[in-house]
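For reference, the chains in residue letters:
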Amino acid sequence: MLSRNTLVILCLYCYGFASGDPAEQSLVLEPDSTTSPTAETGSTGCGCRSPKRSGGSADSGREPPTAKYSAETNQHAPQTEGARRPEHAGTSGEMVLIPAGQFLMGTDNPGIPQDGEGPQRRVHLSAFLMDIHEVSNLDFEKFVNATGYVTEAEMFGDSFVFEGLLSETVKSQISQAVALAPWWLPVKGANWKHPEGPNSHIVDRLDHPVLHVSWNDATAYCSWAGKRLPTEAEWEYACRGGLQDRLFPWGNKLNPKGQHYANLWQGQFPAHNTGEDGYVKTSPVMSFPVNGYGLHNMVGNAWEWTADWWNVHHTTDELHNPTGPSTGQDRVKKGGSYMCHKSYCYRYRCAARSQNTPDSSSSNLGFRCVSDP
Ligand SMILES: [Ca+2]
Ligand SMILES: [Ca+2]
């Protein structure tokens, strides 16, 4: 049986978190060894200090999609498209070929240096296939129906949920919180089928990313589907969509021509999310414009597990198909989520990264799979 009560990272939504077996659950905050307190300029103490770059430099020159992505247009968008198109939502769902090539992984201008975003180094990759969207609730439901799989959150009996998603009734039943990230609450009965606890359901969001899945759960799903989790290098290469040295999958401007390209947080975190991009929670996995490789939501919406162990020190040697450290305690996750705001968690960049223990789960963490062609 896996033990996951060993780690609760300093800033849960930025870094990682774990809840323990109810019988022995104790949320213990540990100093984040990867974070230098002196590097903090914000008040969060979570390693999410404001980045050095404004992200306003020249964009890629790639033609932006013509559709305007805003709260208004997204509310009228076919938000159940993924759920109504089983060819995209099942385990035989659409994948896209990511061509073999080389790219510059990481950055020499890290927004969050202690995360090990740098140094920039050249990486060569073989071609691979990647899911065009995050694994949806409907995808995961097919897996569970076919195999009887029980997720770790279900076995442990709880998972972490962002306070802003919870009803007053649920919140009133919770006495624990995480001191330095009080917006994360351990909710009994929260799991992929009940994202905000027992009284919540996924029936109205089958085309949204599955949440509350651990790295172990994600690995099990991908294996069942004849796929695997992407390495961090594969994920980042795919995120960049063929562009070189850009912040985001579409370029350097967060909102080109005033349009939203990802499901992030607008407003003041954690008190107020304006939902200017159309969503205050997750969005359908097929929402927002695709990047140059045809991939949706590589940044934002749900964080995505990768196969690699976490490490913040990287060689500058040119590597071919790197698979990360051979051992570790945490696994790498990429892309940020709908909870990311520049002031607290500037991690919705391709070079950004964070980590969780492999048995952790939460209301903003999902995954997608890759396979070899
Ligand atoms: Ca949003
Ligand atoms: Ca994502």
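Residues numbered from 1 in each chain as written. Chains lettered and ligands numbered in written order. Predicted model: local features only at pLDDT ≥ 70, side-chain atom pairs only at ≥ 80, totals over all residues. Heavy atoms only, no water.

(A) Main features of the nonpolar core. One finds Ile-98, Phe-128, Met-130, Phe-140, Tyr-221 and Phe-367 to be the most contacted residues of the largest nonpolar core, which totals 47 residues. Among the elements that take part in this core, helix α8 (residues 232–240) stands out by supplying 5 residues, more than any other. By size, the runner-up hydrophobic cluster in this structure holds 19 residues, among which are Leu-166, Val-178, Trp-265 and Met-339. (Core = buried A, V, L, I, M, F, W, Y, C linked by side-chain atoms within 4.5 Å. Buried < 20%, exposed > 50% of the residue type's maximum accessible area, 1.4 Å probe, protein only. Helix = DSSP H or I, 4+ residues; strand = E, 2+ residues; numbered from the N terminus.)

(B) Structural context of the coordination of the calcium ion (ligand 2). Bound to the calcium ion (ligand 2) are the protein donor atoms Glu-134 (OE), Asn-297 (O), Gly-300 (O), Ala-302 (O) and Glu-304 (OE), situated 2.4 to 2.7 Å from the metal. One chain supplies every donor for the calcium ion (ligand 2), spaced along it as E-x162-N-x2-G-x1-A-x1-E. Note on Asn-297: relative accessible area 3%, which makes it buried. According to the relative accessible area criterion, Glu-304 is buried, its value standing at 0%. (Donors = N, O, S within 2.8 Å, 3.2 Å for Na, K, Ca; no water.)

(C) Fine view of the state of the cysteines. Overall, the coordinates contain 2 disulfides when judged by the stated rule. In this model, Cys-239 is linked to Cys-350 through a disulfide, with the two sulfur atoms separated by 2.2 Å. Its torsion about the S-S bond being -75°, the disulfide of Cys-239 and Cys-350 is classed as left-handed. Separated by 111 residues along the polypeptide, Cys-239 in helix α8 and Cys-350 in the loop between β11 (331–334) and β12 (354–356) bring together distant segments of the chain. Judged by its relative accessible area of 0%, Cys-239 is buried. Just so you know, Cys-345 is unpaired, no disulfide at all, and the nearest cysteine sulfur is the one on Cys-340, 3.4 Å from it. (Disulfide = S-S within 2.5 Å.)

(D) Examining helix α7 (residues 215–224) more closely. Buried residues of α7: Trp-215, Asp-217, Ala-218, Tyr-221 and Cys-222, and no others. Summarising the axial view, the buried residues of α7 lie within an arc of 160°, below the 170-degree limit, and thus occupy one face. At its buried positions, α7 is contacted by α4 (137–147), α5 (152–156), β9 (303–309) and β11. The first or second residue beyond α7 is Gly-226, which carries a positive phi of 75°. (Arc of directions from axis to C-beta. Contact = heavy atoms within 4.5 Å.)

(E) View of the coordination of the calcium ion (ligand 1). Taken together, the protein ligands of the calcium ion (ligand 1) are Asn-263 (OD1), Leu-264 (O), Asp-277 (OD), Asp-277 (OD) and Tyr-279 (O), with distances of 2.3 to 2.5 Å. We note that the donor set of the calcium ion (ligand 1) lies within a single chain, spaced as N-L-x12-D-x1-Y. Here Leu-264 is found in the loop between α8 and β7 (267–268), whereas its partner Asp-277 is found in the loop between β8 (272–273) and β9, with 13 residues between them in sequence. The buried category is assigned to Asp-277, whose relative accessible area is 0%.

(F) Focus on the sheet that holds strand β3 (residues 121–125). With mixed pairing, 3 strands are arranged side by side in an open sheet as β2-β3-β10. Each end of this open sheet is capped by a strand with a single partner; those strands are β2 (101–105) and β10 (319–320). Where β2 meets β3, 5 bridges bridge the pair, whose relative direction is antiparallel. Residue pairing in the sheet places Phe-103 in a bridge with Val-123 of β3. Lying on the sheet, α8 is in contact with β2 and β3; it crosses β2 at an angle near 95°. (Pairing = 2+ DSSP bridges. Axes fitted to C-alpha atoms, helices over the stretch in contact; angles between N-to-C directions.)

(G) Main features of the confidence of the model for the protein. On average, the protein scores 81 in pLDDT, and the residues at 70 or more come to 75%. The model gives residues 1–92 a pLDDT under 50, and that stretch makes 244 contacts with residues more than four places away or in other chains. (pLDDT = per-residue confidence, 0-100.)

(H) Focus on the sheet that holds strand β14 (residues 370–371). Pairing is antiparallel in the open sheet, where 3 strands are placed in the order β1-β4-β14. The strands lining the two open edges of the sheet, one partner per strand, are β1 (95–98) and β14. Here β1 pairs with strand β4 (residues 128–131) via 4 bridges, running antiparallel. Within β4, the position partnered with Ile-98 by the bridge is Phe-128. The sheet contacts of α8 involve β1, β4 and β14, and relative to β4 the element is tilted by about 75°.

(I) Geometry of unusual backbone geometry. A cis amide bond links Gly-118 with the next residue in sequence, Pro-119, at an omega value of -5°. Omega for the bond connecting Phe-269 with Pro-270 falls within 30 degrees of zero, at -5°, which places this linkage in the cis form. Note on placement: Pro-270 falls in the loop between β7 and β8. At Lys-257, a position not held by glycine, the phi torsion is positive, near 55°. For Lys-257, the location among the structural elements is in the loop between α8 and β7. Not every positive phi belongs to a glycine, and Phe-288 is a case in point at roughly 65°.

(J) Highlighting the side chain of Thr-231. Along the chain, Thr-231 falls in the loop between α7 and α8. Its relative accessible area of 8% is what places Thr-231 among the buried residues. Reaching out from Thr-231, the side chain makes a polar contact with the backbone nitrogen of Glu-234 at a distance of 3.0 Å. If we skip the residues at most four places from it in the chain, Thr-231 touches Thr-306, Ala-307, Asp-308, Pro-322 and Thr-323. (Polar contact = N/O pair within 3.5 Å; in protein donor to acceptor, adjacent residues only side chain to side chain.)

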